[in-house]
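Examination of the molecular architecture
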Amino acid sequence: VSAPASPDWAQVQRLVVQGSTLHRSWHFLLRARHPGEARRFIEALVHEKLISYASAREDAPVGGCELGIGFTYRGLQHLGLPWEYLRLFQEKAAAFAEGACRRAAQHLADTGASAAHWWEPCFHPDHAHLVLTMHADQADELRQCTQTLKSLPGASGLTDWAAPLEASHLTDQRQYRTVHFGLRDLIASPAIKGFHPRRKTMHEPGEFVLGYRNDHEFNPWALHPSPSGNLWLPPLSAVKPNFFWNGSFGVLRKMEQHEREFRCYVARWAKKLGVKEEYLRAKMNGRWDNGQRVRPGESEPPPNPAPGELDDFDFLDDPEGKGCPFGSHIRRMNPRSDNSVVPVRRRPLIRRGMPYGPLYDEAKERGKPAPPRGLLGVFFCASLEDQFEHLLAEWGDANPLGPDNRGNAKDPFIGSHIDPKSVFDIPLDGEKLCQLEGFEPFVTTRGTLYAFFPGMAGLRMLGESH
Ligand code: HEM
């Protein structure tokens, strides 16, 4: 069987390519106590058609509860996935097979307070076998959906239904979402050929969905058996490739944000440099609080543009980083077309995160311990190593890409900031430059999970043979 040229989108989980505009999410990290029962549960999910798949139209009707499902490598082992399949994951997706805990120090820049040793127990590899992600507008709908799931055959084979990771948006407007630190989010999203309307930069489906060509015209998951065999791979004749096809690798990453520290830092430096706090936040992020990217020469956010313009740009008009500094979060995470940087590999990443915890209230929180708040990040890509991990550990935690005026500080939001002397350069008009230093870790990782979100056929196969 050879993979079709492009995915049948109706077989790809909705959260992966389409996302959700709903207000709340619950993520259950479940342990498969009885593998046979867990498979029965999966079969029931398939039979009852409870998992949400993508529709070709982006504006599919909103309402009810949307459900997605992913499996850790340990979870797949535990469910009894045949070794030929596990071997393929080992060979082609080593980070997934190893799991996020073991990758944390070296590949996720998670050290110090963010080290895996301190992560919440629900992220432990022996604990989390399966992740169920649920989105709805109302908490009641989430509760009701949980009851439905718990009453399915086989649900008793799964434990830890009691404490999902909860998140909810800070605004009610579906087209205007913000995250803690007071920043507008969920603007940028990679456009996929054959699924999204045309934009300046389009990506091949294989960057996100297994079984198709990626931007480099390569399909690592084609899985053609060769007559002479392949020393590195298990016998492919024993593998049904559509187990992998239409699936995607998902990352669940809980990041606590220390908003008071962040706000105090920005206020201190704004005073020192004689600029507005919003200006500094914008330079650190790369976008003004209202979501517009920062252009050269701007000291205030310009009036709101049409929504389409917020993401359809490159940095060709800002080659020296005088609008959006090279060290800013968005320029690091997606250098786009940038003559002065030109990344050979674009490393696009789909983001589906949502904040957790209450909106920051300085007056109410003064003198008290801050309530936990942060971002429950959900990311999708076809290669955890080339995309998610590279963004975090290389583009985020090493020196920014770019020419001289870029400083040596880490990503202002997600960088580990162990060197308080490192500097963040803000190039200004002419040869002028303004610099920030004394960064603290504004974000602490509370846990990370790598999961395979199978396509429709893959999920059906997992529910069989119990
Ligand atoms: C608490 C931690 C984080 C915060 C507060 C944060 C905040 C933001 C904000 C405000 C934006 C701009 C909005 C937009 O372009 O949609 C953004 C964009 C982005 N972030 Fe983060 N982020 C965090 C963690 C991460 C992590 C861990 C990654 C990846 C490993 C990441 C990858 C990206 C990417 C790829 C973009 C889009 C850049 C673009 O295409 O222009 N972020 N983030």
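All figures in this text were calculated on a predicted structure; none of them were measured in a lab. (Residues numbered from 1 in each chain as written. Predicted model: local features only at pLDDT ≥ 70, side-chain atom pairs only at ≥ 80, totals over all residues. Heavy atoms only, no water.)

A word on the overall build of the protein
The helix and strand tally for the protein stands at 13 helices and 16 strands. Projected onto its principal axes, the C-alpha coordinates of the protein cover approximately 65 × 55 × 40 Å. Summed over all atoms, the accessible surface of the protein reaches about 20300 Å², with 51% contributed by carbon and sulfur. Taking the average location of the 56 positive side-chain charges in the protein and that of its 57 negative ones, the two points are 2 Å from each other. (Helix = DSSP H or I, 4+ residues; strand = E, 2+ residues; numbered from the N terminus. Areas by Shrake-Rupley, 256 points an atom, 1.4 Å probe, with all protein chains shown as cover. Lys, Arg positive; Asp, Glu negative; His and termini not counted. Charge placed at Lys NZ, Arg CZ, Asp CG, Glu CD.)

Quick notes on the packing of helix α2 (residues 35-47) against helix α13 (residues 456-463)
The axes of two packed helices give the description: the angle between them and the distance between them. Running from N to C, α2 and α13 cross one another at 140°; their axes reach a closest spacing of 7 Å. When the interaxial angle is binned, α2 and α13 end up oblique. Note that α2 runs across α13; the crossing there is left-handed. Side by side, α2 and α13 meet where R39, I42, E43 and V46 of the first sit next to L459, R460, M461, L462 and G463 of the second. Tallied by class, residues from the contact of α2 with α13 come to 5 nonpolar, 1 polar and 3 charged. (Axes fitted to C-alpha atoms, helices over the stretch in contact; angles between N-to-C directions. Parallel < 35°, antiparallel > 145°, perpendicular 65-115°, else oblique. Left-handed = near helix turned anticlockwise from the far one by under 90°. Contact = heavy atoms within 4.5 Å. Nonpolar A, V, L, I, M, F, W, Y, C, P; charged D, E, K, R; others polar.)

What to know about the pattern of salt bridges
Taken as a whole and judged by the stated rule, the model has 24 salt bridges. Residues E362 and R366 are paired through a salt bridge, measuring 3.9 Å at the closest nitrogen-oxygen approach. Three or more residues are tied together by salt bridges with common partners; here these are E98, R103 and E389. (Salt bridge = Lys/Arg side-chain N within 4 Å of Asp/Glu carboxyl O.)

Section: the side chain of D425
Considering the arrangement of structural elements, one finds D425 in strand β14 (residues 424-427). Among buried charged residues, D425 stands out as having no salt bridge; its nearest opposite-charge side chain is R406, 7.6 Å away. Of the polar contacts made by the side chain of D425, one reaches the backbone nitrogen of G407; its length is 3.0 Å. Within the local environment of D425, its side chain forms a polar contact with the side chain of Q435, the two groups lying 2.8 Å apart. Ignoring any residue separated from it by four or fewer positions in sequence, one finds D425 in contact with P325, D404, N405, R406, G407, L433, C434 and Q435. (Buried < 20%, exposed > 50% of the residue type's maximum accessible area, 1.4 Å probe, protein only. Polar contact = N/O pair within 3.5 Å; in protein donor to acceptor, adjacent residues only side chain to side chain.)

Focus: the coordination of the iron atom of the ligand
Among all protein atoms, only H329 (NE2) binds the iron atom of the ligand, sitting 2.1 Å from it. Counting through the fold element by element, H329 comes out in helix α10 (residues 329-333). (Donors = N, O, S within 2.8 Å, 3.2 Å for Na, K, Ca; no water.)

Quick notes on the nonpolar core
If you look at the biggest cluster of nonpolar residues, it comprises 120 residues, and the most contacted ones within it are F89, F96, L132, L149, F244 and F388. Residues in contact with L132, not counting those within four places in the same chain, are W26, H27, F28, L30, F41, L45, G68, I69, L149 and W161. (Core = buried A, V, L, I, M, F, W, Y, C linked by side-chain atoms within 4.5 Å.)

Topic: the site of the ligand
Around the ligand there are 23 residues in total, and I187, H329, N334, R336 and R351 lie nearest to it. The contact in question runs from a nitrogen atom of the ligand to an N or O atom on the side chain of H329, over 2.9 Å. R336 is positioned with one of its side-chain polar atoms (N or O) 2.7 Å from an oxygen atom of the ligand. With respect to the detected pockets, the ligand is housed in the largest cavity. Of all the secondary-structure elements, those providing two or more residues to the shell around the ligand are β7 (183-185), β10 (248-257), α10, β13 (374-381) and α12 (384-396). When the residues that make up the shell around the ligand are grouped by side-chain class, the tally is 14 nonpolar, 4 polar and 5 charged. (Near = heavy atom within 4 Å. 1 Å grid on protein atoms, 1.4 Å probe; cavity = no way out; pocket = protein on both sides within 12 Å on 5 of 7 lines; lining within 4 Å. Sits in = over half its atoms within 2 Å of the grid points.)

Things to note about empty space enclosed by the protein
Within the structure shown, the criterion is met by 4 cavities of 30 Å³ or more. Taken as a whole, the largest cavity holds about 950 Å³ of empty space. Around the largest cavity, the lining comprises 45 residues; the ones closest to its centre are A188, H329, I330, M333 and R351. Among the elements of the structure, β7, β10, α10, β13 and α12 are those that each provide at least two residues to the lining of the largest cavity. Among the elements that make up the lining of the largest cavity, the one with the highest residue count is β13 (4 residues). (Points joined across faces, edges and corners; volume = space filled by probe spheres on them.)

Points about unusual backbone geometry
If you check the backbone angles, K49 has positive phi at about 55° while not being a glycine. With respect to the secondary-structure elements, K49 resides in the loop between α2 and β2 (66-71). We note that F181 has phi near 85°; this positive angle belongs to a residue other than glycine. Within the element layout of this structure, F181 appears in the loop between β6 (177-179) and β7.

Description of the pairing of strand β3 (residues 130-136)
Looking down a regular strand, the side chains alternate between one sheet face and the other. For β3, the buried fraction is high: 7 of the 7 residues fall into the buried class. Burial along β3 is two-sided: the residues L130, L132, M134 and A136 and V131, T133 and H135 are all buried. As paired strands, strand β1 (residues 24-32) and β3 are joined by 7 bridges and run antiparallel to one another. Across the sheet, residue W26 finds its bridge partner in β3, namely M134. Where β2 meets β3, 6 bridges bridge the pair, whose relative direction is antiparallel. By the bridge assignment, G70 is partnered in β3 with V131. (Pairing = 2+ DSSP bridges.)

Quick look at the pairing of β1
Judged by how many residues are buried, β1 sits mostly within the fold: 7 of 9 residues are covered. In this sheet, strand β5 (residues 165-168) lies alongside β1 in antiparallel orientation, the contact comprising 4 bridges. The partner of W26 across the bridge, within β5, is E166. Where β1 and strand β4 (residues 158-159) come together, 2 bridges link them in antiparallel fashion. Within β4, the position partnered with R31 by the bridge is T159.

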